[in-house]
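Chain and residue survey
Letter by letter, the chains look like this.
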Amino acid sequence: MGVTAMLMLPLLLLGISGLLFIYQEVSRLWSKSVVQNKVVVITDAISGLGKECARVFHTGGARLVLCGKNWERLQSLYDALISVADPSKTFTPKLVLLDLSDISCVQDVAKEVLDCYGCVDILINNASMKVKGPAHKISLELDKKIMDANYFGPIILTKALLPNMISRRTGQIVLVNNIQGKLGIPFRTAYAASKHAALGFFDCLRAEVEEYHVVVSTVSPTFIRSYHVDPGQGNWEASIWKFFFRKLTYGAHPVDVAEEVMRTVRRKKQEVFLANPIPKAAVYVRTLFPELFFAVVACGVKEKLSVPEEG
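Every chain is numbered independently, its residues counted from 1 as its sequence is written. Confidence filtering applies because this is a predicted model: local features only for residues at pLDDT of at least 70, side-chain atom pairs given and counted only at 80 or more, and all residues used for totals across whole chains, interfaces and linings. Only hydrogens and water are set aside; all other atoms, that is, all heavy atoms of the structure, feed into the side-chain values.

If you look the chain up in an unreviewed UniProt entry, it shows as Dehydrogenase/reductase 7C from Ovis aries.

For the purposes of this entry, the term helix denotes a DSSP run of H or I that reaches at least four residues, the term strand denotes a run of E that reaches at least two, and both are numbered from the N terminus. As for its position among the elements, L183 is in the loop between β5 (171–176) and α6 (189–209). Partly exposed describes any residue whose relative accessible area lies between the buried limit of under 20% and the exposed limit of over 50%, with all areas from a 1.4 Å probe on protein chains only and scaled to the type maximum. We classify L183 as buried; its relative accessible area is 0%. Through-space distance from the C-alpha of L183 to that of K195 is 9.5 Å; in sequence the pair is 12 residues apart. By definition, residues are in contact when any of their heavy atoms lie within 4.5 Å. Apart from the residues lying within four places of it in its own chain, the contact partners of L183 are H196, A282, V283, R286 and F293.

This next bit is on the environment of S220. Positionally, S220 belongs in strand β6 (residues 214–221). You can call S220 buried: its relative accessible area is 1%. Considering only alpha carbons, one finds S220 and V176, 44 residues apart in sequence, at a separation of 6.1 Å. Not counting chain neighbours up to four residues away, the residues in contact with S220 comprise N177, N178, I179, V272, F273 and L274.

Our focus in this paragraph is the packing of aromatic side chains. Stacked, tilted and edge-to-face are the three classes applied to pairs of Phe, Tyr and Trp rings, where Trp contributes its six-membered ring and a pair requires centres within 6.5 Å; stacked means planes under 30 degrees apart, edge-to-face means over 60, and tilted covers the rest. Applying the stated criterion to the full structure yields 4 aromatic pairs. Arranged with centres 6.3 Å apart and planes meeting at 85°, the rings of Y151 and F201 form a pair that is edge-to-face. You can see Y151 sitting in helix α5 (residues 140–168) and its partner F201 sitting in helix α6, a full 50 residues away along the chain. Pair check on accessibility: Y151 and F201 agree, each one buried. Here F293 and F294 contribute two aromatic rings whose centre-to-centre distance is 6.0 Å and whose plane-to-plane angle is 70°, an arrangement assigned as edge-to-face. Exposure remark for F293: the relative accessible area of 7% places this residue in the buried category. Members of the aromatic cluster, connected to one another through ring pairs, are Y151, F152, F201 and F202.

Further remarks concern the sheet that holds β5. Strands belonging to one sheet form pairs held by backbone hydrogen bonds; the direction of such a pair is parallel or antiparallel. Pairing between strands is defined by DSSP: at least two bridges between them are needed. Ordered in space as β3-β2-β1-β4-β5-β6-β7, the 7 strands form an open sheet in which the pairing is parallel. What marks the edges here is a single partner per strand, and that holds for β3 (94–97) and β7 (271–274). Mean inter-strand twist for the sheet, computed between neighbouring axes without regard to direction, equals 15°. Sheet analysis places strand β1 (residues 39–42) next to strand β2 (residues 63–68), joined by 4 bridges and oriented parallel. Across the sheet, residue I42 finds its bridge partner in β2, namely L66. Think of each axis as a best-fit line through the C-alpha atoms, taken over the contacting stretch in the case of a helix, with angles from 0 to 180 degrees between the N-to-C directions. In this fold α5 packs onto β4 (122–125), β5 and β6, with an angle of close to 170° to the strand it touches most, β4. Sitting on the sheet, α6 is in contact with β4, β5 and β6, with an inclination near 155° to β6.

Structure (structure tokens):
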């Protein structure tokens, strides 16, 4: 009996591995079929996440519209996509100069895209501008610029493309947001405010357009880290705040977030919170035990202010 069990265990593991492989392959093929021939607009396509989203959707056969505020970097991304793609299964991406912090040009970009393709099937609002510092030292002009890039720019673009989706009774809008749309972190007042505003807008919009079969999705990672940044070594056990902040700061890799965006589009998910257990717990603590959350955050601020910064 014992020998039989020992022989069965490797076969069982092999069978499970085979099923997982089949599931992944089916999911990958399904993802491609979902976006094939679809017009997909990606804002800030030259960022780390934007590049990975472009790669995933281009491989899937989407008709990409890649938006960014630097033409040379857009061209480099275009060359990278074309060099590795199968021309018989992919479409040539369209490049569009777009700086969402300059809200005066957003309507013209939307018109250009609609004039070119006639419709937009999927809009991925990925652009984001960050700023860090004490609230009293950040100018009102910079506050407004952050709101333009992270809130007004995306909603203007969404409003410009939405009537086309409503008239066709199909479409999906994906907002790549941040954990700071759920809770505020010290020294990021303008950024957190813009992310709260964006999340509130798209949560309301979701209910408004459901009857037209337009899907609104939000994907909220902690932070999207760069390709080569890993958590540094140090005595993180010295403080609960430091441990929490490390878990919060070193967030998801761009590749992982891009694949989650693709899964969100495929499954038409409404909300995805992409984080490890510590930030997830923080969101629940903020909701259920706000005084405890505020106390922990305040301790972190006092500790930061008491330690002189290098340079």
